[in-house]
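Listed below are the residues making up each chain.
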Amino acid sequence: MPHKKLESIISSLLEVTAIKLPTDVYASLQKMRAEETQTLACELYSCIFDNLDKAELLHRPLCQDTGVLQFFIRAGAHFPHLDILEESIFTATKLATESVPLRHNTVECFTEKNTGNNTGKLSPWIEWEIIPGDDLHIDVYMAGGGCSLPGRSKVLMPLEGYEGVAKFVFDTIVDWGVNACPPLVVGVGIGTCAATAAILSKKALLRKVGSVNANPQAADMERMIKEGLDSIGIGPLGLTGTKSVQCVNIEFAGHHPATLAVGVTVGCWATRRGSIDISADLASYAITSHS
Ligand code: SF4
């Protein structure tokens, strides 16, 4: 019964992701709390950690907004259950909606009717990547309303260059970041068109907080934008503090010489993503995002 097995594994991933922060995000908040000096900000970090402790103790979602689910699949070309994977993801979403429970978030376009089970047309959203091998790797991201609000992408005018990229990120976070329950995880995508920049900015959120970009120029840009955003002092929940963001992660793609597009996607303090490796025979799996 590979259907049932796969549904149960994916549902377990959703449960963990809704209730606990990934290890890197938790560690990043601990570090920010330890380094914070402003009284109100310290109090807010205490509330955040009290909230996290209670969620785990009571086995409940750590935020009421469990988001709309987005899956990023890296499937081995020889993974034997590719044909049932999409259906299993949809069924697992319905199961987790009941069992965790996840808030009923998905509404259909135009009718604006809530489906009541977190599934709908192209929802959960699934991004596919086929890789060598026969295993399956899944990242899931819970896209909350507040943290999705600042997201945007744009094709810059010629000659705006990388200064234009930085300006776009700053304008986005200064205008809208406060709505997204800081301290923020900022994903930046750079590509040819608005679509590639947007999806790369979302994929940037999948990279661990605190990791260093393999490209030295991108790493420099991440560091400089982070320092600039921190100097604004947005603080936890936007009520001021010594820092604003947990990290700035950049993903990029080769682009048309005439166009440089930039996308920004934001994760909140409660950036919930989960990662799992599943063996080809479904006999074993490992959730790698959480301790
Ligand atoms: S922005 Fe994040 S922490 Fe704030 S309500 Fe939305 S999901 Fe929850």
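Predicted model, so just to flag it, every value in this text is computed and none were measured.

Engineer: Would you take a moment to explain the packing of helix H6 (residues 161-176) against helix H8 (residues 216-232) for this structure?
Structural biologist: When two helices pack together, you describe them by how their axes are tilted relative to each other and by the distance separating the axes. Where H6 meets H8, the closest approach of the two axes is 11 Å, and the angle between their N-to-C directions is 35 degrees. The chirality of how H6 crosses H8 is right-handed. Here Tyr162, Val165, Ala166, Val169, Phe170, Ile173 and Val174 of H6 come into contact with H8, specifically with Met221, Ile225, Gly228, Leu229 and Ile232. Taken together, the residues of the contact of H6 with H8 sort by class into 11 nonpolar, one polar and no charged.

Engineer: What am I meant to see in the side chain of Asp65 here?
Structural biologist: Position of Asp65 among the secondary structure elements: in the loop between helix H3 (39-58) and strand S1 (68-76). Among the polar contacts made by the side chain of Asp65, one reaches the main-chain amide nitrogen of Gly145 at a distance of 2.7 Å.

Engineer: Even after reading the chapter, I still don't get the site of the ligand, so can you show me in this structure?
Structural biologist: Looking at the ligand, the residues that line it are Cys63, Gln64, Asp65, Gly146, Cys147, Ala180, Cys181, Cys268, Trp269, Ala270 and Arg272. Here the shell around the ligand is composed, by residue class, of seven nonpolar, two polar and two charged.

Engineer: For this particular structure, what's the right way to read the nonpolar core?
Structural biologist: Taken as a class, soluble globular proteins show a tendency for nonpolar side chains to be buried jointly. By size, the foremost hydrophobic cluster in this structure holds 44 residues, and its most contacted members are Leu21, Leu29, Val165, Ile173, Val186, Val188 and Trp269. Elements that contribute at least two residues to this core include exactly helix H2 (23-35), H3, strand S3 (136-143), H6, strand S5 (184-191), H8, strand S6 (245-252) and strand S7 (261-267). Each of domain 1 (2-18 + 62-144 + 272-287) and domain 2 (148-267) accounts for three or more of the residues forming this core. Those residues in contact with Trp269, other than ones at most four positions away along the chain, are Leu21, Val25, Leu29, Ile48, Asn51, Leu52, Leu62, Cys181, Pro182, Pro183, Leu237 and Gln246. Judged by nonpolar contacts, the second largest core, of 28 residues, contains Leu6, Ile19, Ala92 and Ala96.

Engineer: When you look at the domain arrangement of the protein chain in this model, what are you seeing that I'm missing?
Structural biologist: Interface size, as often reported, equals the accessible area lost upon joining of the parts. Under the domain assignment used here, the protein chain contains domain 1 (2-18 + 62-144 + 272-287) and domain 2 (148-267). Relative to domain 2, the C-alpha centre of domain 1 lies at a distance of 26 Å. Contact residues are listed per partner, giving nine residues for domain 1 and 11 residues for domain 2. Here domain 1 packs against domain 2, burying approximately 800 Å² in sum over the two surfaces, 55% of which is carbon and sulfur. Interface area lost by domain 1 to domain 2 is led by Phe72, Tyr141 and Arg273, which between them contribute 63%. Seen at the junction of domain 1 and domain 2, the total is zero salt bridges. Broken down by secondary-structure element, the contributors of at least two residues to the side of domain 1 that touches domain 2 are S1, strand S2 (125-131) and S3. Top element by residues in the side of domain 1 that touches domain 2 is S3. It accounts for three residues.

Engineer: Could you clarify how one ought to interpret the environment of Ile234 in this entry?
Structural biologist: In this fold, Ile234 is placed in the loop between H8 and S6. Once residues lying within four places of it in the same chain are set aside, the contact partners of Ile234 are Ile173, Pro182, Leu239, Thr240, Gly241, Lys243 and Ser244.

Engineer: Sorry, what's going on with H3 here?
Structural biologist: Since there are 3.6 residues in each turn of an α-helix, residues three or four apart along the chain are aligned in direction. Here H3 spans 28 Å end to end across 20 residues, near enough to the 28 Å set by a 1.5 Å rise per residue. Considered for burial, the residues of H3 that qualify are Ala41, Leu44, Tyr45, Ile48, Phe49, Leu52 and Ala55. All buried residues of H3 lie within an arc of 135 degrees about the axis, which places them on one face of the element. Facing away from the buried side of H3 by more than 90 degrees, the exposed set consists of Thr39 and Leu57. The positive-phi residue at the C-terminal boundary of H3 is His59, with phi of around 55 degrees.

Rules and cut-offs
Residues numbered from 1 in each chain as written. Predicted model: local features only at pLDDT ≥ 70, side-chain atom pairs only at ≥ 80, totals over all residues. Heavy atoms only, no water. Axes fitted to C-alpha atoms, helices over the stretch in contact; angles between N-to-C directions. Helix = DSSP H or I, 4+ residues; strand = E, 2+ residues; numbered from the N terminus. Left-handed = near helix turned anticlockwise from the far one by under 90°. Contact = heavy atoms within 4.5 Å. Nonpolar A, V, L, I, M, F, W, Y, C, P; charged D, E, K, R; others polar. Polar contact = N/O pair within 3.5 Å; in protein donor to acceptor, adjacent residues only side chain to side chain. Near = heavy atom within 4 Å. Core = buried A, V, L, I, M, F, W, Y, C linked by side-chain atoms within 4.5 Å. Buried < 20%, exposed > 50% of the residue type's maximum accessible area, 1.4 Å probe, protein only. Domains from an automatic or database assignment. Buried area = accessible area lost by both parts, 1.4 Å probe. Salt bridge = Lys/Arg side-chain N within 4 Å of Asp/Glu carboxyl O. Expected span 1.5 Å × (residues − 1). Arc of directions from axis to C-beta.

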